[in-house]
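# Summary of structural features
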Amino acid sequence: MKIYAANTAWVRTEDEGKLLAMLDEERRERVKRLRKQQDRERGICAGLLLRHSFLEQGYTKEEWEQVEVALGPYGKPALKGYANFCYSLSHSGEWVVCAVDNTPVGVDIQVMKEVKLTLAKRFYHAKEYERLIAINNEELQKKEFYAMWAAKESYVKLTGRGIGEGIEQFVTEHKYQQIQDEAGERLADIKIYETIPDYIVCVCTREETKAEQLEIVAGIQE
């Protein structure tokens, strides 16, 4: 497994035409429909990071130029004809992450802002909410709040079902090594990364092997 991260500073407005040409067709058309510049930048950056991840796994630029994105039964994207190249993308604030593996994977990044306990009470399991409100330190509580959210998001991205499935039923155990069901049974393994200041990243997989660290991508591979 590899997890790549990139800042949207990669993307400059004057280079947009050139950068769009480097994306897969599905993402290129999706980005063109976006009106807000920040959304366009994040969409382009996500596509570039996916391309970078693809090339880093040993595939060629010629192969990339022919890729097609297909959606699974629940809308989880995959590249047609590349069953061993599984990926998950996420963006928040000024950062985008892409996790790749040879088996299904889910990744989520969250910029840490204020803690919203009303959201926690609504969307977290009772065990998690109790664990959260028991923390007296504001910074630690913030980190815990976003670690829970990123873990749940990464799990629904692994399954492809999305948060509409009901994330309160997926429970983070306190060491953040697993996502469990309400009975405490393992659903998948998770790992939290705090590499990027003020951000939390979580990867979710049903396999034991996880990336030891994020790989920060500082530029575009031509």
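Up top you'll find the structure we're talking about.
First things first, this report covers the structure right here in the doc.

Scoring rules and cut-offs
- Residues numbered from 1 in each chain as written.
- Predicted model: local features only at pLDDT ≥ 70, side-chain atom pairs only at ≥ 80, totals over all residues.
- Heavy atoms only, no water.
- Axes fitted to C-alpha atoms, helices over the stretch in contact; angles between N-to-C directions.
- Helix = DSSP H or I, 4+ residues; strand = E, 2+ residues; numbered from the N terminus.
- Parallel < 35°, antiparallel > 145°, perpendicular 65-115°, else oblique.
- Contact = heavy atoms within 4.5 Å.
- Nonpolar A, V, L, I, M, F, W, Y, C, P; charged D, E, K, R; others polar.
- Pairing = 2+ DSSP bridges.
- Salt bridge = Lys/Arg side-chain N within 4 Å of Asp/Glu carboxyl O.
- Buried < 20%, exposed > 50% of the residue type's maximum accessible area, 1.4 Å probe, protein only.

For the rest of this paragraph, the subject is the packing of helix α6 (residues 126-133) against helix α7 (residues 138-159). Interaxial distance between α6 and α7 falls to 9 Å at its minimum, and their mutual angle equals 160°. With respect to α7, the axis of α6 lies roughly antiparallel. Residues Glu128, Arg131, Leu132 and Ile133 of α6 pack against Gln141, Glu144, Phe145, Met148 and Lys152 of α7. Counted by class, the contact of α6 with α7 contains four nonpolar, one polar and four charged residues.

So, on to the sheet that holds strand β7 (residues 171-172). Strand pairing in a sheet takes place through backbone hydrogen bonds and is either antiparallel or parallel in direction. As summarised here, the arrangement of the five strands in space is β6-β10-β9-β8-β7, forming an open sheet in which the pairing is antiparallel. Two strands lie at the open edges of the sheet, namely β6 (105-111) and β7, each paired on one side alone.

Another point: the pattern of salt bridges. Within this structure, the stated rule accounts for 15 salt bridges. Its salt-bridge partner being Lys157, residue Asp108 comes within 3.1 Å of it at the nearest N-O pair. Taken together, the positions of Asp108 in strand β6 and Lys157 in helix α7 put the pair 49 residues apart, joining distant regions of the chain. In this structure Lys157 comes out as partly exposed when scored by relative accessible area, which is 24%. Here the salt bridges do not stand alone but share partners, grouping Arg12, Glu14 and Asp15 into one network.

Taking strand neighbours across the sheet as the criterion, the four strands line up as β4-β5-β1-β11 in an open arrangement whose pairing is mixed. Looking at which strands have only one partner, the edges of the open sheet turn out to be β4 (86-92) and β11 (215-216). In the sheet, strand β1 (residues 2-7) pairs with β11 via two bridges, with the strands oriented parallel. Across the sheet, residue Tyr4 finds its bridge partner in β11, namely Glu215.

Take it as geometry only, folks, not as evidence of what the structure does.
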